[in-house]
Amino acid sequence: MPEQRFDAQVRQEGSVATMDLSGEINRGADDRMTSAYDDVAKTGAATILLNFTRVGYINSTGIAVIVAMLGRARNDGRQVSAYGLTDHYKHLFDITRLSDFMNIYDDESTALAGVGAGA
Amino acid sequence: MSDQPTTPSPAEATPEPEQLEAAAVRRSDAGNWAKVSPTLHLENVPEGAINLNVEGRRTASPMQGFGKMWQKTYSVRIPSSIASPTDVVTQWRAAFSSFWPPGNFFYSPFTDLSPGDVALLNLKAVGRVKLSTGMLVMYVDDEAITLMTPVGHFFAAFNTFGAHSDGDDTIVQIQPLFRSGDPIYEMGMPIMSRMEDRFWAQTLRNVAAHFGVEDVEVTQTKVCIDKKRNWAAVKNVRHNSLIRSILYLVATPFRWIARPFKKDADPDAQAPDR
């Protein structure tokens, strides 16, 4: 199966920046994830929502890319939450203990309500 | 604060989430990952191995550690005509412990590393102290193996051992993403970091030598991902595997004295000298 190129687009609602992730999160995702995070940093958003709805594959180097992004967010004082994960990837976030560090929601509306974007 | 998108919004091209889910072609990778287990369990501990600090422990990702978060990358190049990335990882996986520097032991339950395996590590430490710790094989595929540390290990880490193509070469790489496990380890970071550099550089040279490539140059990069310490992880000190390994060494004479009494109490006990 051909590899789906990774992409990350940023959109902002108030203090929440949503990163719409798509394709495969692997070693090749590092540069794009970093530049997307830089875009978030420019907005000054306090919270990042990671949208995994269009992510087709995550390998261990992809998890490291996500952890590195979480590390940067923590360093900058930003909260990170996620939504749109399949059961398999929720399971994967449990294995890697990423779920200890981010709230995971089923969909965008629940996530936005959860992080208080509507307030 | 601006509510304008900072990069082109995908909103126009983005249908309902259900449609997106259906549209995303998902590759099956469930077999590459370890299964979730609340704690680690060791099987087939070899006689003579020091079995401490693994059984019943939880794993720790780099987010669960204490110190600054670092990402290091160690790389060597070997011609792809000698070995493809898949060749490298297949053989690395099959003889993982044989590439470690002498005097350090990686006891895995099976010869071929598989997701979910828990390995016991006995590492050279200070003086006569052998540091006993472990690793979970978190992920394995054709081009990478990722190990995750237990709480109490000197690093809270993902260590990825992989290979990929770059022109006519295969880049063989070790990439730890880590924090020190607790404040005591953090104080020793300058020393531990140098030891780690030597350890993984030698491992890569051994992998290259396995394919007949000698005198390779090991390149190294080091990036600080998060310079803030994670004070919530101070409590990891109570699991510190170095302290527990030192206490184990100090208690050795007492175990020798107690051994005959233990045998009397349980005549079927194997009582290996661990």
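Computed from a predicted structure; not experimentally measured.

Peer 1: Report on the overall build of chain A, specifying residues and quantitative values.
Peer 2: Counting secondary structure elements, chain A contains four helices and five strands. Each helix and strand of chain A, placed in order from N terminus to C terminus, yields the pattern β-β-α-β-α-β-α-β-α. Expressed as a percentage of the 119 residues in chain A, the buried residues total 59%. The contacts in chain A between residues at least 6 apart in sequence include a share of 65% that link residues at least 24 apart. Element-wise, carbon and sulfur atoms account for 43% of the exposed surface of chain A, whose accessible area totals about 4400 Å².

Peer 1: Account for the sheet that holds strand β3 (residues 47-58) of chain A, with residues named and values stated.
Peer 2: Residue and element names in this part refer to chain A. In spatial order, the strands read β1-β2-β3-β4-β5; together these five strands make up an open sheet with mixed pairing. With one partner strand each, in any of the chains shown, β1 (7-13) and β5 (103-105) form the two edges of the open sheet. Between one strand axis and the next, the sheet turns by 25 degrees as a mean value, whatever way the strands run. Both β1 and strand β2 (residues 16-25) contribute to a ladder of seven bridges, which runs antiparallel. Across the sheet, V10 pairs through a bridge with M19, a residue of β2.

Peer 1: Give a description of the pattern of salt bridges that names residues and reports values.
Peer 2: Residues and elements named next belong to chain A. Following the criterion strictly, the structure yields 15 salt bridges over all chains and no others. With its nearest N and O atoms 3.1 Å apart, the salt bridge here joins K90 to D106. Remark: D106 occurs in the loop between β5 and α4 (108-114) and K90 occurs in helix α3 (residues 87-95); sequence separation between them is 16 residues. Given the relative accessible area of 57%, D106 is considered exposed. The network of salt bridges with common partners includes R11, D20 and E108.

Peer 1: Before we move on, can you summarise helix α5 (residues 241-250) of chain B with the specific residues and values?
Peer 2: Quick reminder: α-helices carry 3.6 residues per turn. Residues three or four places apart thus point the same way. All names here are of chain B. Within the span of α5, buried status applies to S241, S245 and Y248. Along the axis of α5, the buried residues cluster in a sector spanning 60 degrees; they form a single face. With respect to the buried face of α5, the exposed residues turned more than 90 degrees away are L247 and V250. With a side-chain oxygen lying 2.9 Å from the backbone nitrogen of L242, the N-terminal cap of α5 falls on N240.

Peer 1: Explain the environment of G188 of chain B to me, using residue names and the numbers behind them.
Peer 2: Residue and element names in this part refer to chain B. Mapped onto the elements of the fold, G188 is located in the loop between α3 (183-187) and α4 (189-210). By relative accessible area, G188 is classed as partly exposed at 22%. Expressed as a C-alpha distance, the spacing of G188 and F154, which sit 34 residues apart in the sequence, is 9.5 Å.

Peer 1: Would you mind going over the interface of chain B and chain A in detail, with residue names and values included?
Peer 2: Opposite the 51 residues of chain B that make contact, chain A presents 46 residues. Both sides together, the interface formed by chain B and chain A hides about 4300 Å², and carbon and sulfur atoms give 56% of it. Applying the counting rule to chain B against chain A returns one salt bridge. In this structure, D226 of chain B engages R74 of chain A in a salt bridge whose closest nitrogen and oxygen atoms are separated by 2.7 Å. At the surface where chain B touches chain A, the tally comes to 12 residue pairs in polar contact (both at pLDDT 80 or more). At the level of secondary structure, the elements contributing two or more residues to the side of chain B that touches chain A comprise α1 (17-23), β1 (59-60), β5 (130-140), β6 (144-150), β7 (155-166), β8 (169-180) and β9 (219-226) of chain B.

Peer 1: Can you tell me about unusual backbone geometry, naming the residues and giving the values?
Peer 2: Unlike most non-glycine residues, R97 of chain A shows phi in positive territory, near 65 degrees. Here R97 of chain A lies in the loop between α3 and β5. On the accessibility criterion, R97 of chain A (10% relative accessible area) is buried. A positive phi is found at N53 of chain B, a non-glycine position, where the angle reads about 70 degrees. Its place among the elements puts N53 of chain B in the loop between α1 and β1.

Peer 1: So what's going on with the pairing of β5 of chain B? Residues and values would help.
Peer 2: Residue and element names in this part refer to chain B. Burial analysis of β5 places 10 of its 11 residues in the buried class, the great majority of the element. Pairing between strand β4 (residues 118-124) and β5: seven bridges, direction antiparallel. Counted as the bridge partner of L123 is L131 from β5. Here β4 folds back onto β5, and the loop between the two strands holds five residues, one of which, G127, carries a positive phi near 55 degrees. As paired elements, β5 and β6 share four bridges and run antiparallel to each other. Each residue of the ladder has a partner; that of L136, found in β6, is M148. A loop of three residues connects β5 with β6, the two strands running antiparallel in sequence.

Peer 1: Go over the pairing of β4 of chain B with me, naming the residues and quoting the values.
Peer 2: Residue and element names in this part refer to chain B. Burial of β4 is extensive: six of the seven residues sit out of reach of the surface. One ladder, built from three bridges, connects strand β3 (residues 105-107) with β4; its direction is antiparallel. Note on β4: the bridge partner recorded for F106 is L121.

Rules of the game
Residues numbered from 1 in each chain as written. Chains lettered and ligands numbered in written order. Predicted model: local features only at pLDDT ≥ 70, side-chain atom pairs only at ≥ 80, totals over all residues. Heavy atoms only, no water. Helix = DSSP H or I, 4+ residues; strand = E, 2+ residues; numbered from the N terminus. Buried < 20%, exposed > 50% of the residue type's maximum accessible area, 1.4 Å probe, protein only. Contact = heavy atoms within 4.5 Å. Areas by Shrake-Rupley, 256 points an atom, 1.4 Å probe, with all protein chains shown as cover. Pairing = 2+ DSSP bridges. Axes fitted to C-alpha atoms, helices over the stretch in contact; angles between N-to-C directions. Salt bridge = Lys/Arg side-chain N within 4 Å of Asp/Glu carboxyl O. Arc of directions from axis to C-beta. Polar contact = N/O pair within 3.5 Å; in protein donor to acceptor, adjacent residues only side chain to side chain. Buried area = accessible area lost by both parts, 1.4 Å probe.

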